[in-house]
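So the chains spell out like this:
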There are 2 protein chains.
Amino acid sequence: MRSRRSDYTESTRHALVDSALELFTKRGYAGTSLDAIVKRARVTKGALYHHFSGKQALFEAAFNQVETAAMDRLSAAIDGDGPAWDRAMAGIRGYVRVCLDPAYQRVVIHEAPVVMGWERWREAEEHFSYGLVRGTVEALVQAGEIEPLPVEVTARILFGALSAGAEAIAGSSDPKATAADVTRTIVAVMTGMRRAAP
Amino acid sequence: MRSRRSDYTESTRHALVDSALELFTKRGYAGTSLDAIVKRARVTKGALYHHFSGKQALFEAAFNQVETAAMDRLSAAIDGDGPAWDRAMAGIRGYVRVCLDPAYQRVVIHEAPVVMGWERWREAEEHFSYGLVRGTVEALVQAGEIEPLPVEVTARILFGALSAGAEAIAGSSDPKATAADVTRTIVAVMTGMRRAAP
DNA sequence: GTGGTGAACATACCGATGGTATGTCGAAGA
DNA sequence: TCTTCGACATACCATCGGTATGTTCACCAC
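Residues numbered from 1 in each chain as written. Chains lettered and ligands numbered in written order. Predicted model: local features only at pLDDT ≥ 70, side-chain atom pairs only at ≥ 80, totals over all residues. Heavy atoms only, no water.

For chain A, the name recorded in an unreviewed UniProt entry is TetR/AcrR family transcriptional regulator, with Actinophytocola gossypii as its organism.

Dropping the structure here:
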């Protein structure tokens, strides 16, 4: 059962998404033409529009791929049965590492809110990185580790802080050192929010 | 000296920037055509390309206008001779208010990094909002109000936290309440970082 | 085996859009 | 008055996203 058709269609999809992801990461959404994408995937626009409804849908497919990969790495860091605080700190370190991926930086953090629209981006993020951050904050509040601030807003702000830290790392001349600074600073902030055990 | 030519050219520039700013705010950069901009400004593309080198340059002019207005409001809140801590808190409240402006939200926070490129955006921000945040953090560290964390990274993270808070406000169904939550949360975070007076 | 069917593409084309090249007009100096 | 030049307007071009149509070929009913 080698020459099933669906095998080839799946590889075509993959080729398109891979090509799109690489070009979007390198030149951005607006700076990437469909011609360039299909050329790199060795297909034509007919194939593209057979599998996707348009440029945006292709972008979302690339977005989902990056986010799924990020989730795999992140949940591995967060999951477990240790104390909520320790898992949160591991999550912070893990997310900073995830943000070092140029594809995550450009596609997920920078372009997705503009290309997909903020509302749709927000909705998608619920099931991805932001969902994890939010869950972590919730766990911290429930465990009584931090002051009972509004979860939604606190999670948003932490998410923004993490993203900004990631951007600082990516734009730094010494990413390693900056990454250490970012982790240290965020941990310091979180520690400041930590409530003395009741 | 009414019919000086430069008077009219200045008003033409203003009309173009105003038109662009309104349309960029409403429909975004990619969703706004130059034809729509010049039509609303009651001029032609010839005038546009006489005053600006292209669409990006026009966007940057709009960006600068929004940022300048924001700076005026912000420095009024920050300037003064009170304690560094109080001025910082006033700055936070002021920045949250600034972020309620839809033009600031969409043009400065969302689109500018994508349209201008992150590096150029970062450079421009040095002289605008981010410059103020950074200066505030520096003042806090020098006054011994907060732990001596790396200023650049701390400022970036705070800036990201504020922007994320602003986005949460803009996307909220109850902006007033969310704005209060954001201010409260950020102040709580900053307070957590505050060092006991030596 | 063969004729029909539909998925999986390829090709040709269209309209919109950013950008350019050229033309026009009127005020200011020589 | 003649020239110059800034401040536009007009006409046009190239690119790009998207669509309409054509083509191939595996699969299935008979």
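What follows picks up the thread again.
This part is about the interface of chain B and chain A. Of the residues lining the interface, 29 residues belong to chain B; the matching set on chain A comes to 29 residues. Interface of chain B and chain A: buried area, both sides summed, is about 2400 Å²; carbon and sulfur atoms make up 76% of it. Among the residues chain B hides against chain A, the three largest losses belong to Trp 118, Ile 157 and Thr 185 of chain B. Together they make up 21% of the total. In this structure, the connection of chain B to chain A is made through zero salt bridges. Summed over the shared surface of chain B and chain A, the result is zero residue pairs in polar contact (both at pLDDT 80 or more). Put simply, the parts of the chain that give the side of chain B that touches chain A at least two residues each are helix H6 (102-115), helix H7 (118-126), helix H9 (151-170) and helix H10 (175-193) of chain B. Among the residues making up the side of chain B that touches chain A, the classes are represented as 15 nonpolar, eight polar and six charged. (Contact = heavy atoms within 4.5 Å. Buried area = accessible area lost by both parts, 1.4 Å probe. Salt bridge = Lys/Arg side-chain N within 4 Å of Asp/Glu carboxyl O. Polar contact = N/O pair within 3.5 Å; in protein donor to acceptor, adjacent residues only side chain to side chain. Helix = DSSP H or I, 4+ residues; strand = E, 2+ residues; numbered from the N terminus. Nonpolar A, V, L, I, M, F, W, Y, C, P; charged D, E, K, R; others polar.)

Let us look at the relation of the copies chain B and chain A. Here the second copy of the chain follows from the first by a rotation about an axis and a shift along it. Overlay of chain B on chain A (RMSD 0.2 Å): rotation 180°, translation along the axis 0.1 Å. Taken together, the rotation and translation describe the operation of a two-fold axis. (Least-squares fit on C-alpha atoms with pLDDT ≥ 70 in both.)

Formed by 136 residues in total, the largest nonpolar core has its most connected members in Phe 63 of chain A together with Phe 63 of chain B. The residues contacting Phe 63 of chain B, other than those within four sequence positions of it, are Val 107, Val 108, Ala 112, Met 116, Trp 121, Ala 124, Glu 125 and Phe 128 of chain B. (Core = buried A, V, L, I, M, F, W, Y, C linked by side-chain atoms within 4.5 Å. Buried < 20%, exposed > 50% of the residue type's maximum accessible area, 1.4 Å probe, protein only.)

All right, on to the UniProt feature "DNA-binding region" (unreviewed entry) in chain A then. The UniProt entry lists residues 33-52 of chain A under the feature "DNA-binding region" (unreviewed entry), expressed in the numbering used here. Here residues 33-52 of chain A is 70% helix and 0% strand, with 15 Å between the C-alpha atoms at its ends. (UniProt positions renumbered as here; feature names shortened; annotations may be inferred.)

Below, the discussion takes up the packing of helix H6 (residues 102-115) of chain A against helix H9 (residues 151-170) of chain A. Residue and element names in this part refer to chain A. Axis separation between H6 and H9 bottoms out at 11 Å; the angle between their running directions is 140°. Classified by the angle between their axes, H6 and H9 sit oblique to one another. Crossing angle aside, the handedness with which H6 passes H9 is left-handed. Here Gln 105, Ile 109 and His 110 of H6 lie close against H9, whose contacting residues are Ser 163, Ala 166, Glu 167 and Ala 170. Its residues assigned to classes, the contact of H6 with H9 shows three nonpolar, three polar and one charged. (Axes fitted to C-alpha atoms, helices over the stretch in contact; angles between N-to-C directions. Parallel < 35°, antiparallel > 145°, perpendicular 65-115°, else oblique. Left-handed = near helix turned anticlockwise from the far one by under 90°.)

Thr 44 of chain A together with Leu 34, Lys 45, Tyr 49 and Lys 55 of chain B are the nearest of the 17 residues found near DNA strand C. Counting only the atoms of DNA strand C within 4 Å of the protein, the fraction contributed by sugar and phosphate is 62%. For DNA strand C, a phosphate oxygen lies 3.2 Å from a polar atom in the side chain of His 51 of chain A. Between DNA strand C and Leu 34 of chain B there is a distance of 2.8 Å, counted from a phosphate oxygen to a backbone nitrogen or oxygen. Counting only elements with at least two residues in the surface near DNA strand C, the list comes to helix H1 (5-27) and helix H3 (45-51) of chain A together with helix H3 (45-51) of chain B. (Near = heavy atom within 4 Å.)

Right, let's get into the protein's contact with DNA strand D. Not every one of the 17 residues close to DNA strand D is listed here, only the nearest: Leu 34, Lys 45, Tyr 49 and Lys 55 of chain A together with Thr 44 of chain B. Atoms of DNA strand D within 4 Å of the protein belong to the sugar or the phosphate in 65% of instances, the rest to bases. Note that a phosphate oxygen of DNA strand D is positioned 2.7 Å from one of the backbone N or O atoms of Leu 34 of chain A. In the model, a base oxygen of DNA strand D is placed 2.5 Å from a nitrogen or oxygen of the Lys 45 of chain A side chain.

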